[in-house]
Amino acid sequence: MRQSAKYSPSRRTARPIAEPAEGAETVSSDAPAARPPRRWRAAVARQFTQQRLLWMAVALLSAALIATAWQLQHSRAAALTQKDIDAAVLRTLTTQSLPSPSAMAADKIMPSVVRVLSYGKDEKGKEVEQGVGTGVVIVDKGVILTNLHVVNGADRLKITFYDGSESAASVTGAKPENDLAVLQAHTIPDDLPAATMRSTQDLVAGDGVVAVGFPFGIGPSVSAGVISGFDREFKSPEGKQVIGNLIQFDAAANPGNSGGPLVTMDGEVIGIVTGILNPTSARTFVGIGFAVPIESAAAAAGLPPF
């Protein structure tokens, strides 16, 4: 029996089947049907296999999704309680070394502290270094507070900022009765930070303080101590000037610290270091230093009172 084609190459109408010739044999309708072609059986088998693989993949993917959801649900951290937070803080405090209060105060004020060099002329007219002191930036436009005796009589001033950059400076104001001078730097670093100033009204003897400066030109150096008292009086070593209403402190200060900030443990300026008491001619620290309260110092710069 002739097999029909798998793909039809033409849409032409089939010829009518001719009547069998007289005497020819005919095929009975009770005869068994012809077996499907081998190529068709293979195509059906492939299709069944592909469907079975697809269902297996869907089943595996569903199982994986269910397992992932279960894992996420059971591994989700429980909400933190106050007890958990307290335990974590306590563990940190007992296992980590935290900076000291004086170190944190110094770190806050240090970027606003400057080195002040004054230059004059010797007998031969040659420029020489006249002295070294300290200053503190109180306005971010380069306004600096220091001691008048640090810059008095200088022909030229040079400021060194915390980042190492340098600038010439000019004296723009003075308050001789408090040994204070106001400087203006000619060039300033980007993002120059100004110190935070704080009233001395609620301070008491025994409060911690930090002095930052350039003792003997070394620094910036940090020393820590406490406020020893208020409303003290200091006479300059030459005996030419008496300054009153001073803060007494015991943080180490030496020549070169003059003009530097005296700050609280919060790093806020409460005074400008102006002198040390030493009954000998050595002019080194023996435990008594003096600072002009920031109220007087700010007034020298024309800043509003606290």
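Bear in mind that the values here come from a model prediction, so they are computed numbers and not experimental data.

So, how was this worked out
Residues numbered from 1 in each chain as written. Predicted model: local features only at pLDDT ≥ 70, side-chain atom pairs only at ≥ 80, totals over all residues. Heavy atoms only, no water. Helix = DSSP H or I, 4+ residues; strand = E, 2+ residues; numbered from the N terminus. Contact = heavy atoms within 4.5 Å. Polar contact = N/O pair within 3.5 Å; in protein donor to acceptor, adjacent residues only side chain to side chain. Pairing = 2+ DSSP bridges. Axes fitted to C-alpha atoms, helices over the stretch in contact; angles between N-to-C directions. Buried < 20%, exposed > 50% of the residue type's maximum accessible area, 1.4 Å probe, protein only. Core = buried A, V, L, I, M, F, W, Y, C linked by side-chain atoms within 4.5 Å. Phe/Tyr/Trp six-rings, centres within 6.5 Å; stacked < 30°, edge-to-face > 60°. Lys NZ or Arg CZ within 6 Å of the ring centre and 35° of its normal. Arc of directions from axis to C-beta.

Engineer: Describe in detail the environment of R156, supporting the description with residues and values.
Structural biologist: By the secondary structure assignment, R156 is in strand β4 (residues 156-160). Excluding its chain neighbours within four sequence positions, the residues that come into contact with R156 are L117, S118, Y119 and E127. Here the side chain of R156 touches E127 through a polar contact of 2.9 Å, side chain to side chain.

Engineer: Please give an account of the sheet that holds β4 that cites residues and values.
Structural biologist: To summarise the sheet geometry, strands pair through backbone hydrogen bonds and adopt either a parallel or an antiparallel arrangement. Spatially, 6 strands are ordered β1-β2-β3-β6-β5-β4 in a closed barrel, and the strand pairing comes out antiparallel. Here the strands of the sheet are splayed against their neighbours by 40° on average, with no regard to which way each runs. Pairing of β4 with strand β5 (residues 166-175), which is carried by 4 bridges, proceeds in the antiparallel orientation. Across the sheet, I159 pairs through a bridge with S167, a residue of β5.

Engineer: Can you explain the environment of G229? Please cite residues and give values.
Structural biologist: Looking at the secondary structure, you find G229 in strand β8 (residues 221-235). G229 sits in the buried class, given a relative accessible area of 4%.

Engineer: Got a sec to walk through the nonpolar core? Specific residues and values, please.
Structural biologist: Within the largest apolar cluster, 26 residues are counted, with the highest numbers of intra-cluster contacts made by I109, V136, L145 and V269. Apart from residues lying up to four places away in sequence, L145 is in contact with T134, G135, V136, I138, A181, V182, G259, I272, I294, A297 and A298. Counting 15 residues, the second-largest nonpolar core is a separate cluster that includes I144, V151, A181 and L183.

Engineer: Account for the packing of aromatic side chains, with residues named and values stated.
Structural biologist: Applying the stated rule across the entire model yields 1 aromatic pair. Relative to F290, the ring of F234 has its centre 5.3 Å away and its plane inclined at 35°; by these criteria the two rings are tilted. In this pair, F234 sits in strand β8 while F290 sits in strand β12 (residues 289-293), placing the two residues 56 residues apart along the sequence. Accessibility assignment for this pair places F234 and F290 in one class, buried. Directly above the ring of Y119 sits R156, whose terminal nitrogen or CZ lies 4.2 Å from the centroid.

Engineer: An account of the pairing of strand β6 (residues 180-185) is requested, with residue identities and associated values reported.
Structural biologist: Of all 6 residues in β6, 5 are buried; the element is thus mostly enclosed. Relative to β6, strand β3 (residues 143-147) runs antiparallel, the two being bridged by 5 bridges. Counted as the bridge partner of I144 is L183 from β6. Where β5 and β6 come together, 6 bridges link them in antiparallel fashion. Counted as the bridge partner of G173 is V182 from β6. Between β5 and β6, which pair antiparallel and follow one another directly, the connecting turn spans 4 residues, one of which, D179, has a positive phi of 55°.

Engineer: Now, about the environment of V139: what can you tell me, with residues and values included?
Structural biologist: Within the secondary structure, V139 sits in strand β2 (residues 127-139). Overall, V139 belongs to the partly exposed group, its relative accessible area being 24%. Separated by 56 residues in sequence, V139 and A195 have C-alpha atoms that sit 7.7 Å apart. Discounting residues that sit within four places of it in the chain, V139 has contacts with A194 and L303.

Engineer: Lay out the pairing of strand β1 (residues 113-121) with the relevant residues and their values.
Structural biologist: With 7 of 9 residues buried, β1 is to be regarded as a mostly interior element. Where β1 lies against β2, 9 bridges are found, and the strand directions are antiparallel. In the sheet register, G120 faces β2, and the bridge partner there is V128. Taken together, β1 and the strand that follows it, β2, pair antiparallel across an intervening segment of 5 residues, in which G125 is found at a positive phi of about 80°. Here β1 runs beside β4; their pairing, made up of 5 bridges, is antiparallel. Paired with Y119 across the bridge in β4 is R156.

Engineer: Tell me what's going on with helix α3 (residues 101-109), and back it up with residues and numbers.
Structural biologist: Among all positions of α3, only A105, A106 and I109 are buried. Seen end-on, α3 carries its buried residues on one side only, within an arc spanning 100°. For α3, the secondary structure elements touched by its buried residues are β1, β2, β7 (208-213), β8, β10 (261-264) and β11 (269-276).

Engineer: An account of unusual backbone geometry is needed here, citing residue identities and associated values.
Structural biologist: A cis amide bond links G219 with the next residue in sequence, P220, at an omega value of 10°. Along the chain, P220 falls in the loop between β7 and β8. One non-glycine residue, D231, lies in the positive phi region at around 55°. Looking at the element boundaries, D231 is found in strand β8.

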